[in-house]
Amino acid sequence: MAQRIVDVLVPVALDHTYSYRAPPELDLSVGDLVAVPLGKAETVGVVWSDNVPVRPGLHNRLKDVDATLDYPPLREELRSFVDWVANYTLSPRGMVLRMALRMGELGPERERVAVRLSGPPPQRMTPARRRVMTALSDGLLRTKAEAAKDAGVSTGVIDGLVDEGTLEVVALPPEPVARQPDPDYRAPELTGPQRMATDILRGAVKQGGYTVDLLDGVTGSGKTEVYFEAIAETIRKRRQSLVLMPEIALTAQFLDRFAQRFGVRPAEWHSELGSRRRARTWNAVAAGEVNVVVGARSALFLPYADLGLIVVDEEHDAVYKQEDGVHYHARDMAVVRARIADIPIVLSSATPSVETMVNARRGRYRRLALTQRFGGQSEPAIEAIDLKREGPPRGRFIAPRLAGIVKTALERGDQALLFLNRRGYAPLTLCRACGFRLNCPNCDAWLVDHRFKRQLVCHHCGFTTPPPAACPKCHATESFVACGPGVERLEEEAHTLFPDRRILVLSSDLIASIERMREEFRDIEEGRVDIVIGTQLVAKGHHFPKLNLVGVIDADLGLGSGDPRAAERTFQLLHQVIGRAGREEGRGMGYLQTHQPEHPVMQALIAQDREAFYNSEIAARERLHYPPFGRLASLLVTGADKHAAEGFARKLAMIAPHTDDVRVLGPAEAPLAVVRGRHRFRLMVKSARNFDLSAWLRGWLAQAPKRKGDIKLDVDVDPQSFL
Ligand code: ADP
Ligand code: ZN
C-alpha cells in the first residue's frame, strides 16, 4: 500500500514545512494539530498539506507523525491567513503559526473560594468582627475580598473568623470564559445619525461578505454604541465577533459597558491572561462557544470557529504595529483576515490614520460620520499657551496661566488632567560641576530618573542602576540636576501648587497590576481624584464623566522626532487626550503649552479644523510619495561590531536589484545608534504604491551575502518606527 506523506508546519523560525509519514491509524486531515519528532525533541505542528510527491527513496528516511492532538483542526481560513501574513511581512511561516498556537496549557486554575456565615459567633467579639457578621447576615456567598470590602475590614479579620469556624469557606467553580450575550438585553435609544450608521453596519452583517466601514466620529459621539449594534446582529446570526483594542487598560471599561449592553462580559485575550485561562479561552473560541472576543492584536490569530465580524477600535493607534518578532500591523492584517474570511470589518476612530482616510476618500472604504457628541455637548475648545511669552519660571513646567485655570476648575468641583507623555521624574540627569550626562552603558541613550523607584532606567534596554553617589567623571558629590519633566516631577509641582488636592499619577511603569489599574480608573470615574497626571495611558478611549479640563504640558514633544508620521501622531494624540474633557456636563477645555503655537498641528487643533489637517497632511504625503502614496520597507542591520554591521549593510545596498519602481536609501546610522551594545544601521526602501515590494525584497535578500558573526538583519514592511 502506498505510504501517505504529509507536510507539517512547526512553530519555529522556519519558512518551510517538514514531511512525515502518516500512519494510517491516525487518519490525518489537513489542519490537524499533531505531535511530530523534530531533531531530538517532539513538537506540536499543523498538517499543512497532503500527499506531496516524494522522490523515490526519500520517504524511507522520513519519520512518522507521533500522534494527533486533541484540539480542533486549524481551519483553511486561518491557514491561508498565516501564509498571507508570512509572505507579506517576510517572516518565517513557522513564526506566524506560533502566534496562532499560543494556546496555553489546560489544567486546574487557581481555585476561587468564597465565604459565608455558617457557624456560631466567635468567642471574642470585636467591632470589626461584628461588622463582618452584619454585612454577611444575608447568607450570600462572597469572595474574601468582597466580604472585607462590604464590611469595611481587612481580609485578616475574615481569615480570623474562618479559623474560628464562624465563616465557612466554599469552593467556586472556575469562572466561565464567557457566557452567551443577549443581543436584545439593553439596546439603547439611538440618535438619528447613530441610527443611520447602525443601519448600514447591520446591513453589512446581515448580508455578510467582505466590506470595510470607517466609523469616523468625534470623541463621545457613540461609536462604541454603534458598533455594538453590529455585534448584536452578528450574535443573532450565531457568528463570532472580534473587537481589537490598542490597550488592555482600555478593555476594563469596555468589559463593563459590554455587560451593560449584552448582559454578560465578553471573553478577553491579551498577554496578561494566565496560561490556564488562555488555554480555556483558546479552546472555547475554537469550539465556537465564545461569541465575542475583545483583545489585543494577538487576538487576530485565534482559531475562530466562525468569525463573522471584526471591529478595530482606535484604528489609528500605533500600538497596533508589532515591533518585535513578526513585524505586522494588526489593523492592516485585520482587514486582510476579513477579506480572507469574507466578512465585514469596522475601523473606528475620532482621528483616523492618514492611510485609512485616503482609502475612505477614494471610496475603497465606506465612511460613516458621526459629527456630534451624544447629549449635545460641544467638543472641547482649545487654546494655546505660548511658552515663549508666558512660560513657567525655570525648573517649573506648569505655566502660571494654566495653574490659575486648574485652580478655578477644581474650586468649581471639576476634575483636571495634566498630560505629559513622559514616564519617570526627568529624562536627563547631568552633573552641575562638569556637565557629564548620565547615559546607558549599553545604548546611545540617557538614563531616565525614576525617583519613585529610586532608580535610573534606560527606556531602550531596561538597564537600571541606583543614582550614583558622586559624578563618575569629576567625582563631585550632590552635583546632579534633573533636566526636563516627567510625570513624577509634574506630580511634585502639582502638590506644591495645589497642596490639599487628591492627585493620581497614571503611567505604565507605576502599575502594580491590571486589577490595581482598573481600580485607579474607577477612582477617576467616580470622582475620588481631583487632578490626574498621566502619560498616553490616559489619552485613549476612557470616559471620565467629571473631567472638564485638560492641560497638555509639552504639546511639542512628539514633533521633533524625524518620523514621517510625527505631525499625524501628535495631532491624533493631542486630539484624543483633550477629547477626554467635557464628555458629560459642562464645556470641556483644552490648553496646549507649546513653543510653536503657529505650527499646523496646533493651528488645526485650535481651529477645530480636522479636515484642514488631513488635507495638508495627505498633500504632503503625496508629494513625498510616502504611504499610502508609495510603499516603504526598512532594513535594520545590527551587530556588536560597528564596522562589520556597517559593512554588511553597505554590501546589501550594493547588490540591490535595479528597478525603476524601487529606490534604496542608505545605509545610514540609525537615530538610535546603539541599543543593547549593538550598533544599528538602517536602509530604507521606497517603491511605487502598486508594486509588490515583498516579492522584490525576497528576491533581493535571497542574494544577500552570508552574515558573519552576530550580524542581524531585521526586515520591516510598512515600518512605523524610524528610530
Ligand atoms: P465614542 O466611542 O465615540 O467616544 P461612546 O460610544 O463612548 O463614544 O459614547 C459616549 C457616551 O455617550 C457613553 O457614555 C455612551 O454610553 C453615551 N451614549 C452614546 N450614545 C448613546 C445613546 N444612543 N444612548 C445612550 N447613551 C449613549
Ligand atoms: Zn540601555
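Our subject is the structure listed above.
Values in this document were obtained by computation on a predicted structure and should not be read as measured data. (Residues numbered from 1 in each chain as written. Chains lettered and ligands numbered in written order. Predicted model: local features only at pLDDT ≥ 70, side-chain atom pairs only at ≥ 80, totals over all residues. Heavy atoms only, no water.)

Colleague: So what exactly am I meant to see when it comes to the site of ligand 1 here?
Modeller: Every one of the 16 residues lining ligand 1 counts as a neighbour, but E189, G220, K223, E225 and R257 are closest to it. Burial of ligand 1 by the protein amounts to 79% of the accessible area it has alone, namely 550 Å². The greatest single-element share of the shell around ligand 1, amounting to 3 residues, is contributed by helix α7 (residues 223-236). For the shell around ligand 1, the per-class residue count stands at 4 nonpolar, 7 polar and 5 charged. (Near = heavy atom within 4 Å. Areas by Shrake-Rupley, 256 points an atom, 1.4 Å probe, with all protein chains shown as cover. Helix = DSSP H or I, 4+ residues; strand = E, 2+ residues; numbered from the N terminus. Nonpolar A, V, L, I, M, F, W, Y, C, P; charged D, E, K, R; others polar.)

Colleague: Looking at this structure, I do not really get the sheet that holds strand β8 (residues 211-217). What am I missing?
Modeller: Backbone-to-backbone hydrogen bonds pair the strands of a sheet. The strands run either parallel or antiparallel. Strand order in the open sheet formed by 7 strands is β10-β11-β9-β12-β13-β8-β14, with parallel pairing between adjacent strands. On the outer flanks of this sheet lie β10 (267-269) and β14 (366-370), each paired with one strand and no other. For this sheet, the mean inter-axis angle between neighbouring strands, taken without regard to orientation, is 20°. Those strands touched by helix α10 (residues 330-341) are β8, β9 (240-244), β12 (307-313) and β13 (344-349), and its axis lies near 160° from that of β12. (Pairing = 2+ DSSP bridges. Axes fitted to C-alpha atoms, helices over the stretch in contact; angles between N-to-C directions. Contact = heavy atoms within 4.5 Å.)

Colleague: Explanation requested: helix α13 (residues 400-411) in the structure shown.
Modeller: Since one α-helical turn is 3.6 residues long, residues separated by three or four positions face the same way. Between its first and last C-alpha atoms α13 spans 17 Å; for 12 residues at 1.5 Å apiece the expected length is 16 Å, and the two agree. Listed in full, the buried residues belonging to α13 are L402, A403, V406, A409 and L410. All buried residues of α13 lie within an arc of 125° about the axis, which places them on one face of the element. Opposite the buried face of α13, by more than 90 degrees, sit the exposed residues P400 and E411. Where α13 is buried, its residues touch β15 (381-386), β16 (415-419), α14 (487-497), β23 (531-534), β24 (547-552) and β25 (589-594). (Expected span 1.5 Å × (residues − 1). Buried < 20%, exposed > 50% of the residue type's maximum accessible area, 1.4 Å probe, protein only. Arc of directions from axis to C-beta.)

Colleague: I would appreciate a short explanation of the packing of aromatic side chains in the present structure.
Modeller: How two aromatic rings sit relative to each other is set out by the distance from centre to centre and by the angle between their planes. One pass over the full model with this rule turns up 15 aromatic pairs. Ring geometry for Y227 versus F228: centroids 5.9 Å apart, planes at 85°, classification edge-to-face. Between F254 and F258, the aromatic rings sit 6.2 Å apart at their centres with planes inclined by 35°, giving tilted as the arrangement. Of the two residues, F254 and F258 are both situated in helix α8 (residues 248-262); the distance of 4 residues between them amounts to about one turn of the helix. Exposure remark for F254: the relative accessible area of 5% places this residue in the buried category. Judged by its relative accessible area of 0%, F258 falls in the buried class. (Phe/Tyr/Trp six-rings, centres within 6.5 Å; stacked < 30°, edge-to-face > 60°.)

Colleague: Just checking my understanding: could you explain the side chain of E315 for this structure?
Modeller: The topology assignment puts E315 in the loop between β12 and α10. Among the polar contacts listed, one links the side chain of E315 to the side chain of T356, at a separation of 2.7 Å. (Polar contact = N/O pair within 3.5 Å; in protein donor to acceptor, adjacent residues only side chain to side chain.)

Colleague: How do you make sense of the sheet that holds strand β27 (residues 662-675) when you look at a structure like this?
Modeller: The antiparallel open sheet is built from 4 strands, whose spatial order is β27-β28-β26-β29. The sheet is open, and its two edges are formed by β27 and β29 (712-717), each paired on a single side. Here the strands of the sheet are splayed against their neighbours by 20° on average, with no regard to which way each runs. Looking at chain direction, strand β26 (residues 630-639) and β29 are connected through 6 bridges and run antiparallel. Looking at the pairing, T638 lines up with K712 of β29.

Colleague: Looking at this model, I keep getting lost on unusual backbone geometry. Mind explaining?
Modeller: A cis geometry characterises the amide bond from P627 onward to P628, with omega recorded as 5°. Relative to the assigned elements, P628 resides in the loop between α18 (610-624) and β26. In this model, G666 is joined to P667 through a cis peptide bond whose omega is 10°. Locating P667 in the fold gives a position in strand β27. Positive phi, close to 65°, is recorded for H475, a residue that is not glycine. Counting through the fold element by element, H475 comes out in the loop between β20 (464-465) and β21 (480-483). Its relative accessible area of 59% is what places H475 among the exposed residues.

Colleague: I keep staring at the coordination of the zinc ion (ligand 2) and nothing clicks. Help me out?
Modeller: Tetrahedral metal sites with four donors have an ideal angle of 109.5 degrees; octahedral sites with six donors have ideal angles of 90 or 180 degrees. Looking at the zinc ion (ligand 2), the protein donor atoms are C440 (SG), C443 (SG), C458 (SG) and C461 (SG), and they sit 2.2 to 2.4 Å from it. Around the zinc ion (ligand 2) sit 4 donor atoms; with metal-centred angles ranging over 106 to 114°, the donor geometry is tetrahedral. Binding-site remark: the zinc ion (ligand 2) is held by donors from one chain whose sequence spacing is C-x2-C-x14-C-x2-C. Separated by 18 residues along the polypeptide, C440 in the loop between β17 (428-431) and β18 (448-450) and C458 in the loop between β19 (455-457) and β20 bring together distant segments of the chain. The buried category is assigned to C458, whose relative accessible area is 2%. (Donors = N, O, S within 2.8 Å, 3.2 Å for Na, K, Ca; no water. Tetrahedral: all angles 85-135°; square planar, octahedral: opposite > 155°, others 65-115°.)

Colleague: Please explain the pairing of strand β1 (residues 5-9) as it appears in this structure.
Modeller: Of all 5 residues in β1, 5 are buried, a share of seventy percent or more. Residue alternation in β1 divides its side chains into two sets, I5, D7 and L9 and V6 and V8, and both sets are buried. Judged from the 4 bridges that link them, β1 and strand β2 (residues 18-21) form a sheet pairing that is antiparallel. The partner of V8 across the bridge, within β2, is Y18.

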